Structure formats: C-alpha cells, structure tokens
Amino acid sequence: RWTERAGRPVEQVMAIVPVVVAVVPEVAGGLWERFVGWWLARRPFLAADAFALAWSVFQELAVLETDEIALELIADCWFWLWQPVLAGQTAVSPPPVLFTWTPRQLLRAAQQGIVHRPDLIGRADVYRFWQAVTEAGLFQPDDKGALAALYLTLLGQKGMGRQWREASRALTAVFPLGFSAGVRHAWQDFIQTGWQYLVTTYHLPARIKGDR
C-alpha cells in the first residue's frame, strides 16, 4: 500500500527489505515511512551499504525537527553538507532539493547540525562549512548574519558542554563580523534562545523582573 501511495515500484522497496529486517526490530510508525520516502528519493546519491547508518542517524535527527524545519531538510543538510566537510572535503555537492529551501530554513537546518554533534564541530569546521556552502551557492558570501548565527550556535553548544576554551574561540570568531543588521539579529536570536533554555532547564521566571 505504501508503494502505491508513494508511486514507487515494489521492487525498489523489496530490495531493501533484508536490510530492514536486520536493522529495524520495530518499525517506528510515521518516522519509518518518512525515512523510506527520503531514502528512495536520494538513493542514487548514497552508497547502497549506507542504509543502516542512514536510518540510525535519521532517528537521532528526528528530535531536532521543529514546526519551521522539516526532518528531511535537517537530514539533507547533515548528510550532504556537514558530513563531507567534517570528512575533510573542501567542496560539497548538494542535491537539487536543497536549493528549493529558503536561506533561513537552510540556516536553521545547518544550526541543527551543530546541535546534533557539537562534539565533532569546532570553529575551524564552521568556517570550512561556510566556505563550502557559499561556493556551492546555498548562501551569499556576504551574509555575515548567517555566519554569525552558526558561530553563536557553536558558542551555545560548547558553553552547555562547559568547553569554555572552545566557546571562547567561537565567540571571538563573531567579533570580526561587525554589527550589521543581520549580525544583530543573530545576537538577538542567540540571547532569546539562551534565555528560553535557562527558563526551561532551571525553572526561571519567563519574564525578567520589571518587564511588563
């Protein structure tokens, strides 16, 4: 039934059934169906033996989905942008679907990649990521606000992990970007997100005393 709704040949799905049986003891409802659709659409770009690993990472990324950022975009950003950069590649080859998203959505997905694996990503990785995605045409090279947002996301994650040296490096990377409208917006978003985290984690008042 799923293959009929998705318009996919039964043979395509049956080819991955042995792998499914081996790696998925319990089908995860709608998440599994979304993964299969994502995988089949991108299968030509992925190695055949990447199925099990892709499913595992897809499950991990699911918790990062928001009303604004779809899980599929987060997965695309991780597999086609972050992973090549972290593997040492200086260029990326994003699939056409990534060019259908807005710059804001792409930025949010890129930030979620940092949230996903802050242990793997440092200041130099963010810089190399930015160089790769701007050369690929996903962002404008002069969009300092987007770059600032990536560094500030890294700052937040390193701070949460009490990696103060890494956090300070991320912070010092933001200063040379100036204080344009885009950078100011990145700072505002960073402060609001940080305050929301403190409110949720430490049960602080939602409003600062004196705020009306």
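One can find the structure itself at the top, above this paragraph.
First things first, this report covers the structure right here in the doc. It should be emphasised that the depicted structure is a prediction, and the values quoted were computed from it without experimental measurement.

Quick notes on the rules
- Residues numbered from 1 in each chain as written.
- Predicted model: local features only at pLDDT ≥ 70, side-chain atom pairs only at ≥ 80, totals over all residues.
- Heavy atoms only, no water.
- Salt bridge = Lys/Arg side-chain N within 4 Å of Asp/Glu carboxyl O.
- Helix = DSSP H or I, 4+ residues; strand = E, 2+ residues; numbered from the N terminus.
- Buried < 20%, exposed > 50% of the residue type's maximum accessible area, 1.4 Å probe, protein only.
- Phe/Tyr/Trp six-rings, centres within 6.5 Å; stacked < 30°, edge-to-face > 60°.
- Bend = angle between axes of the 7 residues up to and from the residue.
- Expected span 1.5 Å × (residues − 1).
- Core = buried A, V, L, I, M, F, W, Y, C linked by side-chain atoms within 4.5 Å.
- Contact = heavy atoms within 4.5 Å.
- Patch = residues over 30% accessible without salt bridge, like charges linked within 9 Å, V, L, I, M, F, W, Y side chains within 5 Å.
- Areas by Shrake-Rupley, 256 points an atom, 1.4 Å probe, with all protein chains shown as cover.

Comments concerning the pattern of salt bridges
Here's step 1: Summed over the entire model, instances satisfying the criterion amount to eight salt bridges.
Here's step 2: A salt bridge links Arg-169 to Glu-166, with the shortest nitrogen-to-oxygen separation between them at 2.9 Å. Of this pair, Arg-169 and Glu-166 both sit in helix H10 (residues 164-174), separated by three residues, roughly a single helical turn.
Here's step 3: Given a relative accessible area of 36%, Arg-169 falls into the partly exposed group.
Here's step 4: Residues joined by salt bridges that share partners form a network here, namely Glu-68, Arg-104, Arg-108 and Asp-189.

Comments concerning the packing of aromatic side chains
Here's step 1: Applying the stated criterion across every chain yields a total of twelve aromatic pairs.
Here's step 2: Look at Phe-35 and Trp-55: their rings are 5.2 Å apart centre to centre, the planes differ by 55°, and that puts the pair in the tilted class. Placement of the pair is Phe-35 in helix H4 (residues 29-42) and Trp-55 in helix H5 (residues 51-61), with a sequence separation of 20 residues.
Here's step 3: According to the relative accessible area criterion, Phe-35 is buried, its value standing at 0%.
Here's step 4: Trp-55 gets classed as buried once you look at its relative accessible area, which sits at 4%.

Looking at helix H6 (residues 71-86)
Here's step 1: Residue Trp-78 marks the point of greatest curvature in H6, where the axis turns by about 35°.
Here's step 2: Among the 16 residues in H6, 14 count as buried, and that is most of the element.
Here's step 3: Once H6 finishes, Gly-88 follows within two positions and takes phi at roughly 100°, a positive value.

Regarding helix H7 (residues 103-116)
Here's step 1: Spanning 14 residues, H7 covers 20 Å between terminal C-alpha atoms, matching the ideal 20 Å at 1.5 Å per step.
Here's step 2: Of all 14 residues in H7, eleven are buried, a share of seventy percent or more.

Considering the nonpolar core
Here's step 1: Ranked by size, the top nonpolar core spans 57 residues in total, and within it Phe-35, Trp-38, Trp-82, Val-126 and Phe-129 carry the most contacts.
Here's step 2: Listing elements by their share of this core, those giving two or more residues are H4, H5, H6, H7, helix H8 (123-135), helix H9 (144-160), H10 and helix H11 (181-202).
Here's step 3: Counting residues per element, this core draws most heavily on H6, at eleven residues.
Here's step 4: Among all residues touching Phe-35, those that are not within four sequence positions of it are Phe-51, Ala-54, Trp-55 and Phe-58.

Some points on a nonpolar patch on the surface
Here's step 1: A cluster of nonpolar side chains, Met-160, Trp-195, Tyr-197 and Leu-198, forms an exposed patch at the surface whose accessible area comes to about 340 Å².
Here's step 2: Top contributing element to the nonpolar patch by residue count: H11, with three residues.
Here's step 3: Position of Tyr-197 relative to the elements: it lies in helix H11.
Here's step 4: Owing to a relative accessible area of 33%, Tyr-197 belongs among the partly exposed residues under this scheme.

Concerning unusual backbone geometry
Here's step 1: Look at Arg-162: it is not a glycine, yet its phi comes out positive at around 60°.
Here's step 2: Along the chain, the position of Arg-162 falls in the loop between H9 and H10.

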